[in-house]
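Listed here are the chains, written in short residue letters.
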Amino acid sequence: MPSTIAAGGRALPYLIRATAITLTLFWSQVGWSAALPADITWESNNTDPVYGDPAAKRGGTFHTFMTSFPLTLRVYGPDSNGGFAGYVRETNLPLLGTHPLTGNPMPLLANEWAFGPDNKTLYFRINPKARWSDGKPVTADDWLFALKMLRSKEINDPWYNNYYSTQITDVTKFDDHTLAITSGSEKSRQDLLDSLPFTPVPSHAIKLTANWVKEYNWKVLPVTGAYRIGEVKKGKSVTLERVKDWWGDEERYFQHRFNPDRIEIKVLRDQNIAWQHFLRGDLDTFGLTMPNWWHDKTKTAEFEKGYIERTWFYNQTPQSPMGLYLNTADPLLRDLNVRLGIQHALNLDKMLTTLLRGDYQRLNSYGSGRGDFTNTEIKARPFDPKLAREYFAKAGFSKAGPNGILQDDKGQPLTLTITYTTAEHAQRLTLLREEAKKAGLNLELNLMDASAGFKSMLEKKHQSAWMAWSGGRYPAYWEFFHKVNANKPQTNNIMNIDDDAISALVEQYDKEFDFAKKAALSRQIQQRLYELASFVPAYQVPYTREGAWRWIKLPKVPATPKSELLYWPLDGGNSGYSYGGLLWIDEALKTETKAALKRGQTFPPVMRIDKTYLQP
């Protein structure tokens, strides 16, 4: 900007422009509507298959469980990323989803969209039928407010603050039902569809204050999806209730979905106790992916007499990076040689072939199962106690102490604490602990409640974490690997990776427009992560296995290729695809089954193995 204005009237156009810019900024902040570009082409999708089953019946209560009570009902701010977050987030819908059968964009809150010529902007027309659960219309103001809120310090959530300032830079309102969202960098159309159609916030129901985190910890807010939070029994259960006369009931891709009237989620902190509830019929379904559950625990009268049915369903979902996450900020784990030694000290192949009966496959790298975005040249480091000891010796651990555990010159034993949150994994980790002794490594196992354990990981209080992240169609790296998220609480960089090389690659990856080049960068990021040796890949599971009482029904092909679970009652949109909500409750069959139980009547046992989407 010039410091002086020329005489003779020539500055007048500049003053007009400056005033116009000032007014534009002012009015944008108070909800002024911009002018919609005339040269954009609107798109929609009303022709892809409906994948809900027309035979589905509405009604009843679906009974399921969680292993810990949530620390909050908020979806932003401290403690909001625990296990219950999957339920809360999916009571709200984003603008668009991805059709799980075709991969095409699919209308959710928006029914039309258009791409801007700048390769950064997506325009949306909100479905005028869309309503919040309290009856208020969904409008563009809800996205304007969402952007303001997610950038605000009041929510105490640095990840959202950063992402919605750098990765999403603007929301523009044109009228109540038309808006645009702008990316911080040019992206391909697929990238824009993946990253921009985010979920709104009910602007009429939230007031940002300095005490927002505490004030809204247990506040139930209006939602856009088919279910809202109903009764909350602290420490015992949370119930979701179907929204009466939900606005989406007749929309194409919501048809025959979200069928139960209520979803009761009990807190049962021990899987074995939950199993007893399931066998009594107090829970409707139970996950059986773990080999001992599928092969052994199902040898009960309830299964053998046909009251409970089993389904093994092969899917085509991106594989979650299950493994051991090493906190590189820990004094011991700062040393690359220690991390490399740990890689070779864990006998994961023995765990897979013995305890897991060969049902699971060894995971080779972070980001597996994503086509060209996966670096298939990377292979998991094998169990090699001799090589592990060589690395440990380079780090100063060369003397044998009690029980064969290595020590350094000060007598400090080589010990790694593993934090985990699933009690059923104790046997797996115990096997790894015994095998690690052959490499001179002592493992201490720290089982924590799911909510408390994940909170500990986010706050970087762990030394190592045995866990997995859920993943989308394409790998996301910034939140997990960029150094800006290292050494800060409440971020997903739980390995505390503070590495210039991987941060630079992540920045290029997020900005890259060409998909082939983006995939190449993804492979480079995975290679650099391999070199850092902070992630020990464990296993992948290209299917789901579940049991259900015979009154819980699914379509003939029980799920979509992108279904991570068979009996997920909500949308499933956290993965990028809208695949859930397909089950229904056959109340007549429930009455019949309970009567048969009393009479001792049996049914033929059922075990389905569905290979519709099995990949060669």
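What counts, and where the lines are drawn
- Every chain's residues receive numbers from 1 upward, in the order its sequence appears when written.
- Restriction of local features to residues with pLDDT of at least 70 applies here, the model being predicted, together with a cutoff of 80 or more for giving and counting side-chain atom pairs; totals for whole chains, interfaces and linings are based on all residues.
- Note that the side-chain values use all heavy atoms of the structure and ignore hydrogens as well as water.
- Angular values range over 0 to 180 degrees, each being the angle between N-to-C directions of two axes fitted as lines to C-alpha atoms, with helices fitted over their stretch in contact.
- Numbering of helices and strands starts at the N terminus; helices are DSSP runs of H or I of at least 4 residues and strands are runs of E of at least 2.
- Here is the rule for angles: anything less than 35 degrees is roughly parallel, anything more than 145 is roughly antiparallel, 65 through 115 is roughly perpendicular, and the remaining ranges are oblique.
- For a crossing to be left-handed, the near helix must be turned anticlockwise from the far one by less than a right angle; the clockwise case is right-handed.
- Contact between two residues is taken to exist if any of their heavy atoms lie within 4.5 Å; hydrogens are not considered.
- Here a cavity is any set of points on a 1 Å grid over the protein atoms alone where a 1.4 Å probe fits but cannot get out, and a pocket is any open set with protein on both sides within 12 Å along at least 5 of 7 lines; a residue lines the site when it has an atom within 4 Å of a point.
- Grid points are joined across faces, edges and corners, and a volume is the space filled by probe spheres set on the points.
- Three residue categories are used. Nonpolar comprises Ala, Val, Leu, Ile, Met, Phe, Trp, Tyr, Cys and Pro, charged comprises Asp, Glu, Lys and Arg, and polar comprises the others, including Gly.
- Only Phe, Tyr and Trp rings are paired, with Trp represented by its six-membered ring, and only when their centres lie within 6.5 Å; those with planes under 30 degrees apart are stacked, over 60 edge-to-face, the remainder tilted.
- Accessible area is worked out with a 1.4 Å probe on protein chains only. A residue is then buried under 20% of its type maximum, exposed over 50%, and partly exposed in between.
- UniProt positions are given in the numbering used here, feature names are shortened, and annotations may be inferred rather than shown by experiment.
- Should DSSP find at least two bridges between two strands, the strands are taken to pair.
- One confidence number per residue, pLDDT, is output by the predictor and ranges from 0 to 100.

A. Focus on the packing of helix α16 (residues 500-511) against helix α17 (residues 515-532). With their axes 9 Å apart at the nearest point, α16 and α17 run at an angle of 160° to one another. On the basis of the axis angle, α16 is roughly antiparallel to α17. Seen along the crossing, α16 lies across α17 with a hand that is left-handed. For the pair α16 and α17, the contacting residues are Ala-501, Ile-502, Leu-505, Val-506, Gln-508, Tyr-509 and Asp-510 in the first and Lys-518, Leu-521, Ser-522, Gln-524, Ile-525, Arg-528, Leu-529 and Leu-532 in the second.

B. Fine view of empty space enclosed by the protein. Taken as a whole, this structure holds 2 cavities of 30 Å³ or more when the rule is applied. Around the largest cavity, the lining comprises 13 residues; the ones closest to its centre are Asn-364, Ser-365, Tyr-530, Phe-535 and Pro-537. Sorting the residues of the lining of the largest cavity by element identifies α17 and β20 (535-540) as the ones contributing at least two each. It is α17 that contributes the most residues to the lining of the largest cavity, 3 residues altogether. Along the lines of polarity and charge, the residues of the lining of the largest cavity split into 7 nonpolar, 4 polar and 2 charged. Roughly 50 Å³ of volume is contained in the second largest cavity. Taken together, Glu-90, Thr-91, Leu-93, Gly-225, Ala-226, Tyr-227, Trp-246, Phe-258, Leu-570 and Asp-571 make up the full set of residues lining the second largest cavity. A breakdown of the residues in the lining of the second largest cavity according to their chemical character gives 6 nonpolar, 2 polar and 2 charged.

C. Structural context of the packing of aromatic side chains. Under the definition given, this model contains 46 aromatic pairs. Measuring from centroid to centroid gives 6.2 Å for Phe-313 and Tyr-613, while their planes differ by 75°, and the two rings are edge-to-face. Taken together, the residues Phe-313 in strand β12 (residues 308-314) and Tyr-613 in the segment after β24 (607-610) connect sequence positions 300 residues apart. The exposure class assigned to Tyr-613 is buried, which follows from its relative accessible area of 19%.

D. Spatial organisation of the environment of Phe-69. With respect to the element layout, Phe-69 can be found in the loop between β1 (61-66) and α2 (85-89). Take Phe-69: its relative accessible area is 10%, and that puts it in the buried class. Sequence-wise, Phe-69 and Leu-441 are 372 residues apart; in three dimensions their C-alpha atoms are separated by 35 Å. Once you skip the residues sitting within four places of it in the chain, Phe-69 turns out to touch Trp-218, Val-232, Lys-233, Lys-234, Gly-235, Lys-236, Ser-237, Val-238, Val-267, Arg-269 and Ser-451.

E. Spatial organisation of the UniProt feature "domain: Solute-binding protein family" (unreviewed entry) in the chain. Taking the numbering used here, the UniProt-annotated feature "domain: Solute-binding protein family" (unreviewed entry) corresponds to residues 105-484. Helix makes up 27% of residues 105-484 and strand 22%, with an end-to-end C-alpha separation of 32 Å.

F. Expanded view of the sheet that holds strand β9 (residues 237-242). Sheet architecture is open: 4 strands sit in the order β1-β10-β9-β8, paired in mixed fashion. Of all the strands in the sheet, just β1 and β8 (227-233) have a single pairing partner and so form its edges. Strand after strand, the sheet turns through a mean of 20° between neighbouring axes, direction not considered. Taken together, the 5 bridges between β8 and β9 define a ladder with antiparallel strand orientation. Within β9, the residue paired with Val-232 across the bridge is Val-238.

G. Expanded view of unusual backbone geometry. Even without being a glycine, His-256 presents a positive backbone phi close to 65°. On the basis of relative accessibility, which here comes to 27%, the residue His-256 falls in the partly exposed class. The backbone of Asn-496 shows a phi angle near 55°, a positive value even though the residue is not glycine. Mapped onto the fold, Asn-496 is located in the loop between α15 (478-481) and α16. Classification of Asn-496 as buried rests on a relative accessible area of 4%.

H. Layout of the confidence of the model for the chain. Model confidence for the chain is summarised by a mean pLDDT of 92, while 94% of its residues fall at 70 or above. Predicted confidence is poor over residues 1-32, with pLDDT under 50, and the contacts of this stretch with residues over four places away or in other chains come to 9 contacts.

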